[in-house]
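Per-entry structural report
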Amino acid sequence: QVQLVESGGGLVQAGGSLRLSCAASGRIFSINAMRWYRQAPGKQRELVAALTTGGTTNYADSVRGRFTISRDNAKNTLYLQMNSLKPEDTAVYYCNFLIRRSITLDFADYWGQGTQVTVSS
């Protein structure tokens, strides 16, 4: 089985910073795309940032220039450095990996449990 465990959320004042981590463990043959999503109360889940195996990054317009997605391949860990945080960044943040557990299996989506980020004004 594969597990994604997130950490790093919390309460921060506007203008502050937080760093989220998402560590994958279990039987992993390869990891394709790695993404961060967020969901605010009453809103749909939205893609925040994505990182391909080739190193290409994509960001939502609302976070570009403030957030940075990165990874540590040796640790199967994804990070999201969030700077200049705004109250509208308040949401539950989820990591999402596309993982292949063996050469005989297809890639499948795996999700972290979610971590709350609250930005006070």
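Report on the accompanying structure. (Residues numbered from 1 in each chain as written. Predicted model: local features only at pLDDT ≥ 70, side-chain atom pairs only at ≥ 80, totals over all residues. Heavy atoms only, no water.)

Moving on: the side chain of E6. Relative to the assigned elements, E6 resides in strand 1 (residues 2–7). Buried within the structure, E6 lacks any salt-bridge partner; its nearest side chain of opposite charge belongs to R45, at an N-O separation of 7.9 Å. Within the structure, the side chain of E6 is placed 3.1 Å from the backbone nitrogen of G114, a separation counted as a polar contact. The contacts of E6, once residues within four sequence positions are left out, are S21, C22, W36, Y93, Y94, C95, G112, Q113, G114 and T115. (Helix = DSSP H or I, 4+ residues; strand = E, 2+ residues; numbered from the N terminus. Buried < 20%, exposed > 50% of the residue type's maximum accessible area, 1.4 Å probe, protein only. Lys, Arg positive; Asp, Glu negative; His and termini not counted. Salt bridge = Lys/Arg side-chain N within 4 Å of Asp/Glu carboxyl O. Polar contact = N/O pair within 3.5 Å; in protein donor to acceptor, adjacent residues only side chain to side chain. Contact = heavy atoms within 4.5 Å.)

As a further point, take the state of the cysteines. On inspection of all chains with the given rule, the structure shows one disulfide. The residue that forms a disulfide with C22 is C95, at a sulfur-sulfur distance of 2.0 Å. Looking down the S-S bond of the C22 and C95 bridge, the torsion is 55°, so its handedness is right-handed. Of this pair, C22 sits in strand 3 (residues 18–26) while C95 sits in strand 9 (residues 91–100), and the two are 73 residues apart along the sequence. Each member of the pair, C22 as well as C95, is classed as buried. (Disulfide = S-S within 2.5 Å.)

The biggest cluster of nonpolar side chains holds 31 residues, and the ones touching the most others in it are W36, L80, M82, Y93 and F97. Secondary structure elements with two or more residues in this core: strand 1, strand 3, strand 4 (30–39), strand 5 (46–51), strand 7 (67–72), strand 8 (77–82), strand 9 and strand 11 (115–120). Tallying contributions element by element places strand 9 first for this core, with five residues. For F97, the contacting residues outside a window of four places in its chain are L4, C22, A24, I31, A33, M34, N76, L78, A108, D109 and Y110. (Core = buried A, V, L, I, M, F, W, Y, C linked by side-chain atoms within 4.5 Å.)

Tallying each qualifying case throughout the model produces one aromatic pair. On the numbers, 5.1 Å between centres and 50° between planes, the contact of Y37 with W111 is tilted. Here Y37 is found in strand 4, whereas its partner W111 is found in strand 10 (residues 108–111), with 74 residues between them in sequence. The exposure class assigned to W111 is partly exposed, which follows from its relative accessible area of 37%. Sitting over the ring of Y79, R19 keeps its end group 4.0 Å from the ring centre. (Phe/Tyr/Trp six-rings, centres within 6.5 Å; stacked < 30°, edge-to-face > 60°. Lys NZ or Arg CZ within 6 Å of the ring centre and 35° of its normal.)

When you line up the elements, S84 lands in the loop between strand 8 and strand 9. With near-sequence residues (within four places) excluded, S84 lies in contact with G15, G16, S17, R66 and D89.

Looking now at the sheet that holds strand 8. In space, the four strands of this open sheet follow the order 1-3-8-7, with antiparallel pairing throughout. Of all strands in the sheet, those with a lone pairing partner are strand 1 and strand 7, marking the two edges. Neighbour to neighbour, the strand axes of the sheet diverge by 15° on average, direction disregarded. Taken together, the six bridges between strand 1 and strand 3 define a ladder with antiparallel strand orientation. By the bridge assignment, S7 is partnered in strand 3 with S21. (Pairing = 2+ DSSP bridges. Axes fitted to C-alpha atoms, helices over the stretch in contact; angles between N-to-C directions.)

Everything listed is a geometric property; what it means functionally is a separate question.
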